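Descriptive structure summary
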Amino acid sequence: MSRAFTRDDVAKVASLARLELSEAELDGYASQLGRILDYVEILDTLDTENVEPMAHAVALANVFRPDEPGTSLSREEALANAPSSDGRYFLVPPILGEV
């Protein structure tokens, strides 16, 4: 069995993460994290010598269409639904003060 996760451990991690936890949360998280570490310790005993490393637990396939060159929108088509434009560029409100 691994070393128990104490309230002080949880309080230190919470402080580093700038989280405010109640007394009940400190106790609850200490218990939960202790159980997680116990389970990881059990998993650590498994023989994984012939297990292929993987990035995901399930196989993933790219669901996007191939990235192929195509025709672009004309300037007029691109600006047609813009809330504000000057006919050449999109106009957006200034965010750093008046220009």
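Our structure's up above, just so we're on the same page.
Residues numbered from 1 in each chain as written. Predicted model: local features only at pLDDT ≥ 70, side-chain atom pairs only at ≥ 80, totals over all residues. Heavy atoms only, no water.

1. Describing the overall build of the chain
As a reminder of what qualifies: For the purposes of this entry, the term helix denotes a DSSP run of H or I that reaches at least four residues, the term strand denotes a run of E that reaches at least two, and both are numbered from the N terminus. Radius of gyration: over C-alpha atoms. The globule rule applied is 2.2 Å multiplied by the number of residues raised to the 0.38 power. Note on classification: 1.4 Å probe, protein chains only; a residue is buried when its accessible area is under 20% of the maximum for its type, exposed when over 50%, partly exposed between these limits. In this description, contact between two residues means that some pair of their heavy atoms is separated by no more than 4.5 Å. In short, Shrake-Rupley with a 1.4 Å probe defines the accessible areas, and a residue's cover is counted only from the protein chains shown. Counting rule for charge: Lys and Arg are taken as positive, Asp and Glu as negative, and neither His nor the chain ends is counted. Charged groups are reduced to one reference atom each: NZ for lysine, CZ for arginine, CG for aspartic acid, CD for glutamic acid.
The secondary structure content of the chain amounts to 3 helices and 0 strands. Helices (α) and strands (β) of the chain occur, in sequence order from the N terminus, as α-α-α. For 99 residues, the compact-globule formula gives about 13 Å, and the C-alpha radius of gyration of the chain, at 27 Å, lies well above that figure. Buried positions account for 8% of the 99 residues belonging to the chain. For the chain, contacts bridging at least 24 residues in sequence account for 31% of all contacts bridging at least 6. When the accessible area of the chain is evaluated, it comes to approximately 9600 Å², of which 57% is carbon and sulfur surface. The chain carries 8 positive and 18 negative side-chain charges, and their two centres are separated by 7 Å.

2. Quick notes on unusual backbone geometry
The phi torsion at Arg18 lies on the positive side, around 55°, for a residue other than glycine. Structurally, Arg18 is set in the loop between α1 (7–16) and α2 (23–44). Residue classification places Arg18 among the exposed positions, given a relative accessible area of 76%.

3. Structural notes on the pattern of salt bridges
Keep this limit in mind: For this analysis, a salt bridge means a side-chain nitrogen from Lys or Arg found within 4 Å of a carboxyl oxygen belonging to Asp or Glu.
Evaluation of the coordinates by the stated rule reveals 2 salt bridges. Taking the shortest distance from any N to any O, the salt bridge between Arg7 and Glu23 comes out at 2.1 Å. Placement of the pair is Arg7 in helix α1 and Glu23 in helix α2, with a sequence separation of 16 residues. Looking at Arg7, the relative accessible area reads 33%, which means it is partly exposed. A relative accessible area of 52% places Glu23 in the exposed class. In this structure, a network of salt bridges that share partners links the residues Arg7, Glu23 and Asp27.

In short, geometric facts, not functional conclusions.
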